[in-house]
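Coordinate inspection notes
Listed below, chain by chain, are the residues.
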Amino acid sequence: MVQGKVSKPEKENAQENLMRKRYKRMKSGIAPEVVDNICMSSHRNNESVSQSIGSLIAQRSTSKGKVSKSDTTDLEWIDKIPECPVFRPSKEEFGDPLVYLQKISPEASKYGICKIVSPLYALIPAGAVLAKENTGFKFTTRVQPLWLPDWNVDNKVIFFMRGRNYTLHDFENMANKEFSRKYSSSGSLPSLYLEKEFWHEIASRRKGTVEYAINIDGSAFSCAPKDQLGKSKWNLKTLPRQPKSPLRLCETSIPGVTDPMLYIGMLFSMFAWHVEDHYLYSINYHHCGAPKTWYGVPGHAALDFEKVVQNHIYTDHILPSTKGEDGAFAVLAEKTTMFAPSTLLKHDVPVYKAIQMPGEFVITFPKAYHAGFSQGFTCGEAVNFAVGEWFLSGAEASQRYAHLCRMPIIRYEELLCKEAMLLHNSQEHNYLAHSSADSASYNCVKLSFVHLIRSHHHAVQFLKKFKGLSSVNLSPNSQGVILCSLCKRDCYLAYINCSCYSRPICLFHEIEALNCPCGKKPILFLREDVSKMEKIAKTFEQDKGIMQEVHQYKDDTNLQKKETTLKASKQQVEGAS
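1. Considering the pattern of salt bridges
Enumeration according to the criterion identifies 19 salt bridges in this entry. As a salt-bridge pair, Asp326 and Arg400 come within 2.6 Å of each other at their nearest N and O atoms. Residue Asp326 is located in helix H10 (residues 324-332), and its partner Arg400 is located in helix H12 (residues 390-403); the two are separated by 74 residues in the primary sequence. With a relative accessible area of 18%, Asp326 lands in the buried category. A residue is classified by how much of its surface remains accessible, and Arg400, at 11% relative accessible area, is buried. The partner of Arg454 in a salt bridge is Glu541, and the shortest N-O contact between them spans 4.0 Å. Taken together, the residues span a long stretch of sequence, with Arg454 in helix H14 (residues 436-464) and Glu541 in helix H15 (residues 530-541) at a distance of 87 residues. One network of salt bridges, with partners in common, ties together Glu251, Arg411, Glu414 and Lys418.

2. Points about the packing of helix H13 (residues 412-428) against H14
Two elements in contact, H13 and H14, have axes separated by 9 Å at closest approach and are oriented at 120°. With respect to their mutual orientation, H13 and H14 come out oblique. Crossing hand, H13 versus H14: left-handed. Between H13 and H14, the contacting residues are Tyr412, Glu413, Leu416, Cys417, Glu419, Ala420, Leu423 and Gln427 on the first element and Tyr442, Val445, Lys446, Ser448, Phe449, Leu452 and His456 on the second. Residues that form the contact of H13 with H14 fall into these classes: nine nonpolar, three polar and three charged.

3. Details of the nonpolar core
Ile116, Ile283, Phe361, Ile410, Phe449 and Leu507 are the most contacted members of the largest nonpolar core, which has 77 residues in total. With ten residues, H14 is the single largest residue contributor to this core. If we skip the residues at most four places from it in the chain, Ile116 touches Phe87, Pro89, Phe94, Tyr100, Leu101, Ile104, Trp234, Glu360, Phe361 and Ile363. If you look at the next biggest cluster of nonpolar residues, it comprises 65 residues, including Leu148, Phe179, Phe198 and Val351.

4. Comments concerning the sheet that holds strand S9 (residues 292-296)
Reading across from one edge, S7-S12-S9-S10 is the order of the four strands in this open sheet, with antiparallel pairing throughout. In the strand order of this sheet, the two ends are held by strand S7 (270-274) and strand S10 (352-356), each with one partner. Taking the axes of each pair of neighbouring strands and ignoring which way they run, one obtains an average angle of 15° across the sheet. Where S9 lies against strand S12 (residues 370-374), five bridges are found, and the strand directions are antiparallel. Its bridge partner lying in S12, Trp294 is registered against Gly372.

5. Concerning the sheet that holds strand S15 (residues 494-498)
A sheet is described by the order of its strands in space; here three strands give the open sequence S14-S16-S15, paired in mixed fashion. The sheet is open, and its two edges are formed by strand S14 (471-475) and S15, each paired on a single side. The average angle at which neighbouring strand axes cross in this sheet is 30°, direction not considered. Summarising the sheet, S14 and strand S16 (residues 522-527) pair through five bridges and their orientation is parallel. From the neighbouring strand, Asn473 faces S16, where its bridge partner is Phe525.

6. A short note on unusual backbone geometry
Not every positive phi belongs to a glycine, and Phe268 is a case in point at roughly 70°. Secondary-structure assignment places Phe268 in the loop between strand S6 (261-265) and S7.

7. Some remarks on helix H5 (residues 97-108)
Between the first and last C-alpha of H5 there are merely 14 Å, a value that for twelve residues lags more than 12% behind the 16 Å anticipated at 1.5 Å per step. The buried count for H5 comes to nine of twelve residues, which makes it a mostly enclosed element. By the burial criterion, the buried members of H5 are Pro97, Leu98, Tyr100, Leu101, Gln102, Ile104, Ser105, Glu107 and Ala108. Packed against the buried residues of H5 are strand S1 (86-87), strand S2 (113-117), strand S8 (281-289), strand S11 (360-364), strand S13 (378-385) and H14. Where H5 begins, one side-chain oxygen reaches toward the backbone nitrogen of Leu98, 3.1 Å away; that side chain belongs to Asp96.

8. Re the confidence of the model for the chain
Of the residues in the chain, 76% have a pLDDT of 70 or more, and the chain-wide mean is 80. Note on residues 1-73: pLDDT is under 50 here. Beyond four places in sequence and across chains, it has 99 contacts. Low confidence marks residues 553-577, where pLDDT is under 50. Its contacts with residues over four positions away, or in another chain, come to 44 contacts.

9. Quick notes on the environment of Cys417
Checked against the element boundaries, Cys417 lands in helix H13. Discounting chain neighbours no more than four positions away, the residues touching Cys417 are Phe449, Leu452, Tyr492, Leu493 and Met533.

The rules we used
Residues numbered from 1 in each chain as written. Predicted model: local features only at pLDDT ≥ 70, side-chain atom pairs only at ≥ 80, totals over all residues. Heavy atoms only, no water. Salt bridge = Lys/Arg side-chain N within 4 Å of Asp/Glu carboxyl O. Helix = DSSP H or I, 4+ residues; strand = E, 2+ residues; numbered from the N terminus. Buried < 20%, exposed > 50% of the residue type's maximum accessible area, 1.4 Å probe, protein only. Axes fitted to C-alpha atoms, helices over the stretch in contact; angles between N-to-C directions. Parallel < 35°, antiparallel > 145°, perpendicular 65-115°, else oblique. Left-handed = near helix turned anticlockwise from the far one by under 90°. Contact = heavy atoms within 4.5 Å. Nonpolar A, V, L, I, M, F, W, Y, C, P; charged D, E, K, R; others polar. Core = buried A, V, L, I, M, F, W, Y, C linked by side-chain atoms within 4.5 Å. Pairing = 2+ DSSP bridges. Expected span 1.5 Å × (residues − 1). Polar contact = N/O pair within 3.5 Å; in protein donor to acceptor, adjacent residues only side chain to side chain. pLDDT = per-residue confidence, 0-100.

Here it is as structure tokens:
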């Protein structure tokens, strides 16, 4: 158990009193004495507050004729979503983010998301940082429809139509005016109330819109020497490339993955259900503004999540030709699918909630689907990162991307091979740390590397026996990026090509895929250092516990089937050429 974990965020009396005062100023169409009675009961019974808020929304919706009473009754599921873990590290624990995250991961990852309350604070406000470090800082918003579609061909949400250009100050003024116009309040309202208002609003089918600025290049972390948070390792500009993160090995910067991006929202700006690219971890810091509501599904329930989306959200007309959960995954990857967590709860998919305040981090773990919305003007910043444990999830993502012919954003094979080589060198020179978290991380790297090398070794041995193969050539280690022309898989270790060099192919396709339209025999290309990597893999296999896992891959035929389910047809081959 990690010290500082609490099951629910505290509610301080001062904040409660402030919320109750603001709550009285709502434009609800209900007599002030009714609102007073609701607010006066808030300190006595949280359940009664929830019921009162629910009945308040019901009265509002009935009087305005927007939704039926039964629709608002359904909002009772909101009270049933448990909170995700909240961690409050000391300044000492806060020293190294990746060490701390590895420490809490065994517990926190069970929930898919967790919240970390920073013991350090930013000295310089985000707006001042952006104005100083980004002269003339402006951004373009995207317009989001504020309604739930039926998800058929004629009723599919199109997110992120182009909006307007703003400075941060102008956008904040606009967002605050919209909030005040809607609720006659210049400040925040209780999170529970706004959560029910959000789902009531998008279920009402009024087809309103909000603006959201997403994927803005830049960072609001200060570089000032006196700024404790900015100079810490939790600065998102440097976190992804810290020594324990495999993303440090990426040769080029990738916006949003290795470099942070800003997300600036208003009341009910939403981020749709999605999982991070390549099943990476993500970290989101809330710089300023109103709270944000998050929902998270644990990675172990990702497949169940996709089944629910496939069977209960999308119609067959929406899903691509790829059937099953992969079809749902492909549509979810568009990041336009928003639906109430109640659908998941009805089908026993676990969902957890976080209310993120300014100065707090939210972590999402590999394969964890998440979604959420802003409770008012918000300015947040996010980036991806990884640790050694990620390589197992990264292998699943790599295989899935190949199955869907999806262009990879990071080169998984390259990162894994480089990390394994560095790990071997450190192990030989006895430079490795020996904490239990580090040992678990090392084992995941070794196991993933052994699986990768064994699968390639068996594929190469099979291809060498293939009579149609012209020759085997060694490729320079600096050959650049090679992607399979059929499935877009990263071909870091080996690939097959014809002498016409028209279309490299990875080793995990059927033999008929090797027939080049030019009629020439294909050539197998291997990295010059592939034999060295195979020796390192053999060394890793001798480590305690690794062989036990390797035994699952003894059957060469089954191994190759597990590595890919791709069936490259002649039409695919001809199309790729």
